[in-house]
Amino acid sequence: MKILITGAYGFLGKNLIARLKEYGDKYTVYSYDLDTTFEELEKYTADCDFVFNFAAVHRPKENSEFEKVNHLFFDELLGLLKKYNNRCPVLYTSSIQATNGTDYGNSKLAAEADLRRYGEETGARAIIYRLSNVYGRWATPNHHSVVATFCNNLALGLPITVNDSNHVMYFHYVEDVIDSFVAQIEGAPAVDEDGIFRVKKIHEITLGELADTLTSFQTAVNEGYIPKTENETQETLLTTYLSYVEQNKNRR
């Protein structure tokens, strides 16, 4: 099965590709990112059996980039699939911010609407995910989530800042997100009543608890031992923190 992944070098793209490699020769991955030519993209859209569109911007220099990347590029991708009469399933990663009225949210909401229309017109399975904060290995600090920023800073011995220790955060762990994506390749999981897919497993934690937990991991690792975890949230946070320790061990 041939899988096209746009934004392949990003956080979700790298994690999905790593998972698909675990299946051996079952999946062939077509990777699209900034260094991929338009001719290659045309070839991929003509031949693929499933599309994951992760290409997106979150904090661009110019707000116009939201519309250009999050919406118009996706329209171009759908146009290429139409051109080659490829009615394979298309999965678009949107955001819980899609309805908040910001430039970012509006770009995501517009792409959602276009995918719905595309599915109605072509009969292709249109899969829209609205994701909350996602953490895990390879997330970019100061970009994807506070977990990435805290893990990266602590792994480098840098300070972290907590503005409101009582603020409650809701997160998805990246492996749970990838589990849900892989399930879409082989089947058709139940969609919510509004036609949106959501990752059901959510980790809830205050910023203060997050900072204290990750700081305790830093202390343990610096003293030469791996701490015990008390629940699944701590277990996933420890795995994430250790990935940043490994990633940054030569950068101190």
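The structure we're discussing is the one just above.
Since the model is a prediction, treat every value here as computed from it, not as a measurement.

Draft legend 1. The arrangement of the side chain of Gln 184 in detail. Here Gln 184 lies in helix α6 (residues 174-186). With sequence-adjacent residues up to four places away left out, Gln 184 is seen in contact with Phe 50, Leu 91, Arg 125, Ile 127, Tyr 129, Pro 189 and Phe 197.

Draft legend 2. Quick look at the sheet that holds strand β8 (residues 203-206). The mixed open sheet is built from 3 strands, whose spatial order is β6-β7-β8. In this open sheet, the two edge strands, each paired with only one partner strand, are β6 (133-135) and β8. Pairwise comparison of adjacent strand axes, ignoring direction, gives a mean angle of 45° for this sheet. Relative to β8, strand β7 (residues 168-173) runs antiparallel, the two sharing 4 bridges.

Draft legend 3. View of the layout of surface pockets. Taken as a whole, the largest pocket encloses approximately 1200 Å³ of empty space. Lining the largest pocket are 43 residues, and of these Ala 56, Val 57, His 58, His 143 and His 144 lie nearest its centre. Sorting the residues of the lining of the largest pocket by element identifies α1 (11-21), α3 (64-83), β4 (90-95), α4 (103-122), β6, β7 and α8 (232-248) as the ones contributing at least two each. When the residues that make up the lining of the largest pocket are grouped by side-chain class, the tally is 22 nonpolar, 15 polar and 6 charged.

Draft legend 4. Representation of the environment of Val 134. Structurally, Val 134 is set in strand β6. For the pair formed by Val 134 and His 172, sequence separation is 38 residues and the distance between their alpha carbons is 4.7 Å. Setting aside residues up to four positions removed in sequence, Val 134 forms contacts with Phe 11, Ser 145, His 172, Tyr 173, Val 174 and Val 177.

Draft legend 5. Geometry of the side chain of Arg 130. Within the fold, Arg 130 resides in strand β5 (residues 126-131). A polar contact is formed between the side chain of Arg 130 and the side chain of Glu 112, at a distance of 2.8 Å. Beyond its immediate chain neighbours, meaning those up to four positions away, Arg 130 contacts Ser 94, Ser 95, Ile 96, Ala 98, Thr 99, Leu 109, Glu 112, Ile 196, Phe 197 and Arg 198.

Draft legend 6. The pattern of salt bridges, seen in detail. Scanning the model with the defined rule gives 13 salt bridges in all. In this structure, Arg 198 and Asp 192 form a salt bridge, with 2.8 Å as the shortest nitrogen-oxygen distance. The salt bridge involving Lys 200 is made with Asp 192; its shortest N-O contact spans 2.6 Å. Residues participating in the shared-partner salt-bridge network are Asp 192, Asp 194, Arg 198 and Lys 200.

Draft legend 7. Spatial organisation of the pairing of β7. When β6 meets β7, the two strands line up parallel, connected through 3 bridges. When the sheet's bridge partners are listed, Asn 133 is paired in β7 with Phe 171.

Draft legend 8. Spatial organisation of a nonpolar patch on the surface. On the surface, Val 168, Tyr 170 and Ile 202 cluster together to form a nonpolar patch covering roughly 260 Å² of accessible area. With respect to the helices, strands and loops of the structure, Tyr 170 is situated in strand β7. Note on Tyr 170: relative accessible area 41%, which makes it partly exposed.

Draft legend 9. Molecular detail of the packing of helix α5 (residues 146-155) against helix α7 (residues 207-222). The contact between α5 and α7 brings their axes to 10 Å, and the two run at 30°. It follows from the interaxial angle that α5 and α7 lie roughly parallel. As for how α5 packs across α7, the hand of that crossing is right-handed. Counting all contacts with α5, which are made through Val 146, Val 147, Phe 150, Cys 151 and Leu 154, the residues of α7 involved are Leu 207, Leu 210, Ala 211, Leu 214, Thr 215 and Gln 218. Its residues assigned to classes, the contact of α5 with α7 shows 9 nonpolar, 2 polar and no charged.

Draft legend 10. Structural view of the nonpolar core. One finds Ile 5, Phe 52, Phe 181, Leu 210 and Leu 214 to be the most contacted residues of the largest nonpolar core, which totals 46 residues. The contacts of Phe 181, once residues within four sequence positions are left out, are Leu 12, Phe 52, Phe 54, Leu 91, Thr 93, Tyr 129 and Leu 131. The next biggest cluster of nonpolar side chains, apart from the first, holds 23 residues, and it includes Tyr 32, Val 51, Phe 73 and Cys 88.

Draft legend 11. Spatial organisation of the sheet that holds strand β1 (residues 2-6). Read across the open sheet, the 5 strands follow the order β2-β1-β3-β4-β5; overall the sheet is parallel. The open sheet has two free edges, formed respectively by β2 (28-32) and β5, since each of these has just one partner strand. Within the sheet, the average angular offset between the axes of one strand and its neighbour, ignoring direction, is 20°. Looking at chain direction, β1 and strand β3 (residues 50-53) are connected through 4 bridges and run parallel. Across the sheet, residue Ile 3 finds its bridge partner in β3, namely Phe 50.

Procedures and definitions
Residues numbered from 1 in each chain as written. Predicted model: local features only at pLDDT ≥ 70, side-chain atom pairs only at ≥ 80, totals over all residues. Heavy atoms only, no water. Helix = DSSP H or I, 4+ residues; strand = E, 2+ residues; numbered from the N terminus. Contact = heavy atoms within 4.5 Å. Pairing = 2+ DSSP bridges. Axes fitted to C-alpha atoms, helices over the stretch in contact; angles between N-to-C directions. 1 Å grid on protein atoms, 1.4 Å probe; cavity = no way out; pocket = protein on both sides within 12 Å on 5 of 7 lines; lining within 4 Å. Points joined across faces, edges and corners; volume = space filled by probe spheres on them. Nonpolar A, V, L, I, M, F, W, Y, C, P; charged D, E, K, R; others polar. Polar contact = N/O pair within 3.5 Å; in protein donor to acceptor, adjacent residues only side chain to side chain. Salt bridge = Lys/Arg side-chain N within 4 Å of Asp/Glu carboxyl O. Patch = residues over 30% accessible without salt bridge, like charges linked within 9 Å, V, L, I, M, F, W, Y side chains within 5 Å. Areas by Shrake-Rupley, 256 points an atom, 1.4 Å probe, with all protein chains shown as cover. Buried < 20%, exposed > 50% of the residue type's maximum accessible area, 1.4 Å probe, protein only. Parallel < 35°, antiparallel > 145°, perpendicular 65-115°, else oblique. Left-handed = near helix turned anticlockwise from the far one by under 90°. Core = buried A, V, L, I, M, F, W, Y, C linked by side-chain atoms within 4.5 Å.

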